[in-house]
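Observations on the three-dimensional arrangement
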Amino acid sequence: MMEEVPPVTYPSGIPRPELDMTGVDAEVMVLTGMSGAGRTRAAAALADLGWYVVDNLPPQLLAGLVEMIGRGPHRRLAAVVDVRGGSFFQDVEAVLDDLETRGIAVRTVFLDASDATLVRRFEEARRPHPLQGDGTIVEGIARERDALAAVRERATEVVDTSRLNVHQLRDTMTEIAGEGEPTLQVNVQSFGFKNGAPHDADFIADVRFLQNPHWEPALRPLTGLDAPVRDYVLASDGAREFVSGYADVMGLVLDRYRAHDKHSVTIAVGCTGGKHRSVAIATELGRVLTDRGYQVRVTHRDREVR
């Protein structure tokens, strides 16, 4: 009778998963570090960049998740692993070693901050430190530093967030991820005031001051996407000046929105019915903004409304 081979386990006694990493292609980042140092913000920045982000993952599940992600459409995995995992966290080094032996490169990003900064953040949030117990915040921070010392030593990058605001942390994570600044999405939408303004509009432009094609029998059945209506509207007194000037104003705004973590902007262009003037002007404004280097999507909410 063949002797049964006991399963290979992590230091905690949890069995190591039997996985086949052949053909797995994944970019893996482990986010760890001190509680209050900005892990949640850092993870959100990676999610905005298109990474598949998992928070508070027991490290023993990381290998299986890497295999799944590495065979799927995402390919970029960021796992937040920290002392909230309790006894599970003791296996984190063994898990990272295991992944390396399986041929998976893992970048470990350790977020840190000064004790004074961490105390202030916990006091402002009015939350206890996860290792505080019945002691003080400072005692909890000290216990966490001891628990994380070895992981910090092997980290690929250590980021001190003591003097970073949320925007600077986002920029730092973008740089670490090796990607450029996320593109600001500009949505230009035409609408008719008689049907109400879009609820999600950041800016509303009223173009009812332009000549109305509705009163031209040959143009009434058409829309602002048809050349005769477009030419009629853009030939109106002040139309092209309005588009150019509005694009100038929007440029001042759009260029500064990225510094405030805004990822999309909706510019609504309205006329009475949303069929002629607003459609023509929204289309032209979208073209001008696109020519100026912005990522623009143009839609027409009420073009077919009668």
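Residues numbered from 1 in each chain as written. Predicted model: local features only at pLDDT ≥ 70, side-chain atom pairs only at ≥ 80, totals over all residues. Heavy atoms only, no water.

Here's the deal with the overall build of the protein chain
Keep this limit in mind: Strands are runs of DSSP state E lasting at least two residues, helices are runs of H or I lasting at least four, and both sets are numbered from the N terminus onward. It is over C-alpha atoms that the radius of gyration is taken, and the globule rule equals 2.2 Å times the number of residues to the power 0.38. Whether two residues are in contact is decided by their heavy atoms: any pair within 4.5 Å suffices. In this tally, Lys and Arg are treated as positive and Asp and Glu as negative; His is ignored, and so are the chain termini. Note that the charge is assigned to NZ on lysines, CZ on arginines, CG on aspartates and CD on glutamates.
If you tally the helices and strands in the protein chain, you get 9 helices and 9 strands. Rg of the C-alpha trace for the protein chain: 27 Å, well past the compact-globule value of 19 Å for 306 residues, more than 25% over. Sequence separation of at least 24 residues holds for 78% of the intrachain contacts in the protein chain that already meet a minimum separation of 6. A distance of 9 Å separates the average location of the 35 positive side-chain charges in the protein chain from that of its 45 negative side-chain charges.

A short note on unusual backbone geometry
Which entries qualify depends on this criterion: Relative accessibility thresholds used throughout: buried, under 20% of the residue-type maximum; exposed, over 50%; partly exposed, between the two (1.4 Å probe, protein chains only).
With phi around 55 degrees, N56 is a residue other than glycine that occupies positive phi space. Along the polypeptide, N56 turns up in the loop between β2 (52-54) and α2 (62-70). A positive phi is found at R126, a non-glycine position, where the angle reads about 55 degrees. Relative to the helices and strands, R126 resides in the loop between α4 (115-125) and α5 (137-154). Taking relative accessible area as the criterion, R126 reaches 78% and is therefore assigned exposed.

Regarding the sheet that holds strand β7 (residues 203-206)
In plain terms, the rule: Two strands pair if DSSP finds at least two bridges between them. All axes here are fitted lines through C-alpha atoms, helices being fitted over the stretch that makes contact, and every angle between N-to-C directions spans 0 to 180 degrees.
Across the sheet, 4 strands lie side by side as β7-β8-β6-β9; this open sheet has parallel pairing. Each edge of the open sheet is held by one strand with a lone partner, namely β7 and β9 (295-300). Ignoring which end each strand starts from, the neighbouring axes of this sheet average 20 degrees apart. The sheet contact formed by strand β6 (residues 185-192) and strand β8 (residues 264-271) spans 8 bridges and is parallel. Along β8, the bridge assignment pairs V186 with V265. In the packing of helix α8 (residues 239-257) onto the sheet, the strands contacted are β6, β7 and β8, and the crossing angle to β7 comes to about 175 degrees.

Remarks on the nonpolar core
This is how it is decided: Nonpolar cores were defined as sets of buried Ala, Val, Leu, Ile, Met, Phe, Trp, Tyr and Cys residues, with membership established by side-chain atoms within 4.5 Å.
Ranked by internal contacts, the top residues of the largest apolar core, which has 54 residues, are L31, L46, L62, V66, L99, I104 and M173. Formed by 27 residues, the second largest nonpolar core is a distinct cluster that contains L254, V265, V269 and C271.

Description of the side chain of E144
So the rule is basically this: When a carboxyl oxygen of Asp or Glu lies within 4 Å of a side-chain nitrogen of Lys or Arg, that pair is called a salt bridge.
With respect to the secondary-structure elements, E144 resides in helix α5. One buried charged residue, E144, remains without a salt bridge, the closest side chain of opposite sign being R39 at 4.2 Å. Here E144 is in contact with G33, M34, S35, R39, V83, H129 and L131, once residues within four sequence places are set aside.

Overview of the layout of surface pockets
Unfilled space is identified by rolling a water-sized probe across the atoms. Applicable threshold: Lining residues are those with an atom within 4 Å of a point, where the points come from a 1 Å grid over the protein atoms alone and group into cavities, where a 1.4 Å probe fits but cannot get out, or pockets, open sets with protein on both sides within 12 Å along at least five of seven lines. Grid points are joined across faces, edges and corners, and a volume is the space filled by probe spheres set on the points. Any residue that is not Ala, Val, Leu, Ile, Met, Phe, Trp, Tyr, Cys, Pro, Asp, Glu, Lys or Arg is counted as polar, Gly included; the first ten are nonpolar and the last four charged.
The space that makes up the largest pocket amounts to roughly 570 Å³. Contributing to the lining of the largest pocket are 19 residues, with S35, G36, A37, G38 and T40 lying nearest its centre. Those elements that provide at least two residues to the lining of the largest pocket are α1 (39-48), α4 and α6 (166-176). Of the residues belonging to the lining of the largest pocket, the class tally is 8 nonpolar, 6 polar and 5 charged.

So, the side chain of Q132
Mapped onto the secondary structure, Q132 falls in the loop between α4 and α5. Those residues in contact with Q132 that sit more than four places away from it in its chain are I137, G140 and R143.

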